[in-house]
Amino acid sequence: MFSFNAYGDCYGEYLLDTSDNFQKAIKVCTPSAESGDLRSQDILGFIFYKNENYKESLKWTKIAADKGFAPAQLRLGLMYETGKGVLIDYVTAVKWYRKSAEQGNVSAQNNMGLMYELGNGVLKNYKVSASWYKKAADAGSATAQMNLGIYYCYGSGVEKDLSKSKNLLNTAYESGQLSPGQKNFVEGIWERCELANY
């Protein structure tokens, strides 16, 4: 087993977020990852993913995901959903998203909602989609709050409730977590659903 200091150096280099530091992190993390350190394996998977070396990312991400590490399971699902380092395979993406989501990973819960909304890898089901969005929204995901707010606006998978729609969309909008494009979208939904009246 490696000492905290060895792991700390790996993690510290990774946090600095520059290509030089990524190279240092790879050098520092590889020995501990090869010896079985889960966090080092996940960090390597992330670093290689961020640097678009999807073959190496897949190798380390899969090892960490197979050990049950939720962030790695999320990344592996994303790789299968988007075809980064693998062929697009929505069924496999859902498998990994579900494993991560069931451990409480909020991003994976939101992604499960989206997969059910679109019918990617699963049968399209707005009710199941809404239940995944609700889990993520309750945990504070602004994107999930936005998605669930839209569902309440239109009555997709939930009973139409403009008051709930307004509250969720307002919470998401004011969170500071939405992108400018998402904010514009929320503004459009706000008008289409005439939420100013609620």
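Structure shown above.
Each value, and the rule that gives it
Residues numbered from 1 in each chain as written. Predicted model: local features only at pLDDT ≥ 70, side-chain atom pairs only at ≥ 80, totals over all residues. Heavy atoms only, no water. Helix = DSSP H or I, 4+ residues; strand = E, 2+ residues; numbered from the N terminus. Buried < 20%, exposed > 50% of the residue type's maximum accessible area, 1.4 Å probe, protein only. Contact = heavy atoms within 4.5 Å. Areas by Shrake-Rupley, 256 points an atom, 1.4 Å probe, with all protein chains shown as cover. Salt bridge = Lys/Arg side-chain N within 4 Å of Asp/Glu carboxyl O.

Of regular secondary structure, the protein chain possesses 11 helices and 0 strands. The helix and strand sequence of the protein chain, counted from the amino end, reads α-α-α-α-α-α-α-α-α-α-α. Residues classed as buried in the protein chain amount to 43% of the 198 residues present. Contacts spanning at least 24 positions in sequence make up 45% of the contacts within the protein chain whose residues lie at least 6 apart. Counting every atom, the protein chain has about 10300 Å² of accessible surface; 51% of that belongs to carbon and sulfur.

Counting across every chain of the model gives 3 salt bridges. A salt bridge links Arg75 to Asp42; the nearest nitrogen and oxygen atoms lie 2.9 Å apart. Of the two residues, Arg75 is situated in helix α5 (residues 70–82) and Asp42 in helix α3 (residues 38–50); the sequence distance between them amounts to 33 residues. Both residues of the pair, Arg75 and Asp42, count as buried. We note a salt bridge from Lys62 to Asp66, for which the minimum N-O separation is 2.9 Å. Within this pair, Lys62 and its partner Asp66 are both found in helix α4 (residues 54–66), separated by 4 residues, close to a single helical turn.

With that settled, consider unusual backbone geometry. Of note in this structure, Glu52 is not a glycine but carries a positive phi near 60°. Within the fold, Glu52 resides in the loop between α3 and α4. On the accessibility criterion, Glu52 (59% relative accessible area) is exposed. The backbone of Glu194 sits at a positive phi, close to 50°, despite the residue not being glycine. Mapping Glu194 onto the fold places it in the segment after α11 (180–192). On the accessibility criterion, Glu194 (52% relative accessible area) is exposed.

Bear in mind that shape data such as this cannot, by itself, settle questions of function.
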